[in-house]
Amino acid sequence: MPSTVCTAKTSYKKLPGLLELTSTHLQWTQDGKKASLVKVPHSEAVSLFCSKEGAAQVRLKVAVVGDDAGHNFTFTSPQPVALAEREKFKNELTNIIARNRTASATPAATAPGTPSALARSTSLAPRGTSSPARNAVSRAASASSDSRGTPVANDPTSDFRLRKKVLLGNPELASLHRELVMGGHISENEFWEGREHLLLAQAAAESQKRGKPGQLVDPRPQTVDGEIKIVITPQLVHDIFEEYPVVAKAYNDNVPNKLSEAEFWKRYFQSKLFNAHRASIRSSAAQHVVKDDPIFDKYLEKDDDDLEPRRLRDESVDIFIDLGATQEDHGETGNIKDVTMQAGKQRAVLPLIRKFNEHSERLLNTTLGEPATKRRRTDVAEGPDHYSQIDLEDLHDNQSTTGIILNMQDRERYFDGRSADPLGSQAASEKFDFRSTLQEVKISLQDWSTSLNRLKLDRKAGDEALNGMTQNVAARLEVKRTKHDIPENLFRQMTTCQTAANEFLRQFWLSIYPPVIDGQTVSTATPAQKAAKAAKMIDYLSRTHEKVDALVQTAQQEGVDPARVHVAMKPVLDAVDNALDFWRKRNSKPLR
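What counts, and at which threshold
Residues numbered from 1 in each chain as written. Predicted model: local features only at pLDDT ≥ 70, side-chain atom pairs only at ≥ 80, totals over all residues. Heavy atoms only, no water. UniProt positions renumbered as here; feature names shortened; annotations may be inferred. Buried < 20%, exposed > 50% of the residue type's maximum accessible area, 1.4 Å probe, protein only. Helix = DSSP H or I, 4+ residues; strand = E, 2+ residues; numbered from the N terminus. Contact = heavy atoms within 4.5 Å. Salt bridge = Lys/Arg side-chain N within 4 Å of Asp/Glu carboxyl O. Core = buried A, V, L, I, M, F, W, Y, C linked by side-chain atoms within 4.5 Å. Patch = residues over 30% accessible without salt bridge, like charges linked within 9 Å, V, L, I, M, F, W, Y side chains within 5 Å. Areas by Shrake-Rupley, 256 points an atom, 1.4 Å probe, with all protein chains shown as cover. Axes fitted to C-alpha atoms, helices over the stretch in contact; angles between N-to-C directions. Parallel < 35°, antiparallel > 145°, perpendicular 65-115°, else oblique. Nonpolar A, V, L, I, M, F, W, Y, C, P; charged D, E, K, R; others polar. Phe/Tyr/Trp six-rings, centres within 6.5 Å; stacked < 30°, edge-to-face > 60°. Lys NZ or Arg CZ within 6 Å of the ring centre and 35° of its normal.

For the protein, an unreviewed UniProt entry supplies the name BSD domain-containing protein and the organism Obba rivulosa. The Subcellular location (unreviewed entry) comment attached to the protein in UniProt states, word for word, "Nucleus".

Take helix H8 (residues 245-254) next. Considered for burial, the residues of H8 that qualify are Val246, Val247, Ala248, Ala250, Tyr251 and Asn254. Elements that come into contact with the buried residues of H8 comprise helix H7 (234-243), helix H9 (261-268) and helix H10 (272-277).

In this section: the environment of Pro78. Mapped onto the elements of the fold, Pro78 is located in the loop between strand S7 (67-75) and helix H1 (79-103). Under the relative-accessibility criterion, Pro78 is labelled exposed at 54%. Note: C-alpha distance between Pro78 and Val58 (20 residues apart in sequence) is 9.7 Å.

Tallying each qualifying case throughout the model produces 16 salt bridges. One salt bridge in this structure joins Asp31 and Lys9, with 3.8 Å as the shortest N-O distance. Separated by 22 residues along the polypeptide, Asp31 in the loop between strand S3 (25-30) and strand S4 (38-41) and Lys9 in strand S1 (residues 4-12) bring together distant segments of the chain. Where Asp581 meets Arg584, a salt bridge forms, and the shortest distance between an N and an O atom there is 3.5 Å. Of this pair, Asp581 and Arg584 both sit in helix H22 (residues 562-587), three residues apart, roughly one helical turn. Salt bridges linked by common partners bring Arg86, Glu87 and Lys90 together as one network.

Now for the nonpolar core. Core analysis: the largest hydrophobic core is formed by 30 residues, its most contacted members being Ile186, Phe191, Trp192, Phe504, Phe508 and Leu541. Secondary-structure elements contributing two or more residues to this core are helix H3 (160-169), helix H4 (171-180), helix H5 (188-192), helix H6 (196-207), helix H19 (488-512), helix H20 (527-541) and H22. In this structure, Leu19, Leu60, Phe73 and Phe89 belong to the second largest nonpolar core, which totals 23 residues.

Nonpolar side chains collect at one region of the surface, where Ile319, Phe320, Ile321, Tyr387 and Ile390 lie side by side and expose about 570 Å² of accessible area between them. In this structure, Tyr387 sits in helix H13 (residues 386-390). We classify Tyr387 as exposed; its relative accessible area is 58%.

The interhelical angle for the contact between helix H21 (residues 544-558) and H22, taken along N-to-C directions, is 175°, at an axis separation of 10 Å. The orientation of H21 relative to H22 falls into the category roughly antiparallel. Only Pro562, Val565, His566, Met569, Leu573, Val576 and Asp577 of H22 make contact with H21, whose side of the interface consists of Thr544, His545, Val548, Leu551, Val552, Ala555 and Gln556. The residue inventory of the contact of H21 with H22, partitioned by class, reads nine nonpolar, four polar and one charged.

A few words on the packing of aromatic side chains. Counted under the stated rule, the structure contains 22 aromatic pairs. Ring geometry for Tyr251 versus Phe264: centroids 5.3 Å apart, planes at 85°, classification edge-to-face. Remark: Phe264 occurs in helix H9 and Tyr251 occurs in helix H8; sequence separation between them is 13 residues. We classify Tyr251 as buried; its relative accessible area is 18%. One aromatic cluster is present, built from ring pairs that chain together Phe241, Tyr251, Phe264, Trp265, Tyr268, Phe269, Phe274 and Phe296. One residue, Lys61, lies across the ring of Phe49, its end atom 5.4 Å from the ring centre.

Okay, structure coming up:
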């Protein structure tokens, strides 16, 4: 039995209980109960957060593998005792997290600005999440080690966390999973076989990083407690420094020696420098209320309103998008630039346009990399490879695939039929007289225009097809408009029966036909296992008629026309009968 390191009275989700740290687990047990509601192994603790000193409540948050939200505990003892208890837990858990990071085989890189995994006194407000390496042994692996599926590290199709998120985002799929997997009809891996695309899509969505906002940094006043203020946040400060390096320089030169941080931002938002950085010409309306500032005025720059921009692009323009590449070829035509092509026609807007262009270039560099990195893709020893730039992958022919092996029934009959037709083979082997054939084609095409004018198409077939489609659409609309009067309980049973039958059919055909070769798959079953699975699914499918008969009896008891249940379930019954007939013929083949 593991030894207890420390204990404390805490509340978890507003329920009182006991928090214990043992030599193997961190666990919390509600008062009056024996089973632990929360039990976290040491290996799954990844980060630790504490409430501020002097806060009304003494809290401790533990983040675990696969759950960024973690677990929040509030110490309920008197303030001095609660602080001492929390410090003891914090010290012990800090050592445990440090050991986990050291023992991790593939430590994950922490993104800039994310909190350290080591505990420190900080606010419980979200300030980023750690991205620790996932251990091979996860909660799903400890909970299940049988054939229902054990998650494998770095495999999205076996990640328990991804499966959980897909189910949470799809209530119908979650209901089907609860009925079939939790009910013990099929295993976890069998349920996800054929649905790998959902897991891969979820993994791809989570791996995408949020890009930089496209709008210019332009702090605007807000009304806070009846006063007009500009709310300063760490993210806003970071964006201002990145967008306007001169502000970062002014901050480093004056804070904290000459100005405090609060005084710096108060004077900045009242200075000419801030109005010069605003993202529209509306700043000119506020110039009469802007005061001179001896500190910020020395960082002012002259308006960039000359014909040539102050900051010239230091990279060569690609020849395929350079509008001036062929300018010298049109000098003799007298093609003069019109008013829309004359730079600096409205000099007042040039600084704003160039500010937008620089911001757009900065966004592209953030996404694609710096210009030097982009040029490395096309630069070669003797110069840029222009052909590689116009060689588009979408214009290449489709690559041939291995395809799916065709399983033929009674393939001997196919070859016997071909060998039993010697006359047809002989006629096919005869050589054609191409000259005479070509002459016949030329004669048949003579006076083709007259024959085309005499051509009359019968509209009967087209009208019948159009009427049929119209009636089909009208019938579908009528079904949607008509509200069914089937009781909710019966309708739910019919839906459940149909969904379960469809899943059993899907599992049956997956075990019969070869799997998709491309992409990741959950199951790697042997032929014997597939045969056993098919037989198991057939056993379930054979009971579908009994379930439908039970639904018909329920409909009669509810006062519903049984024919309506038969009509609703007929497509499923037809599919089930098709699978049963296929299985019967396959197993009744005589041995040769």
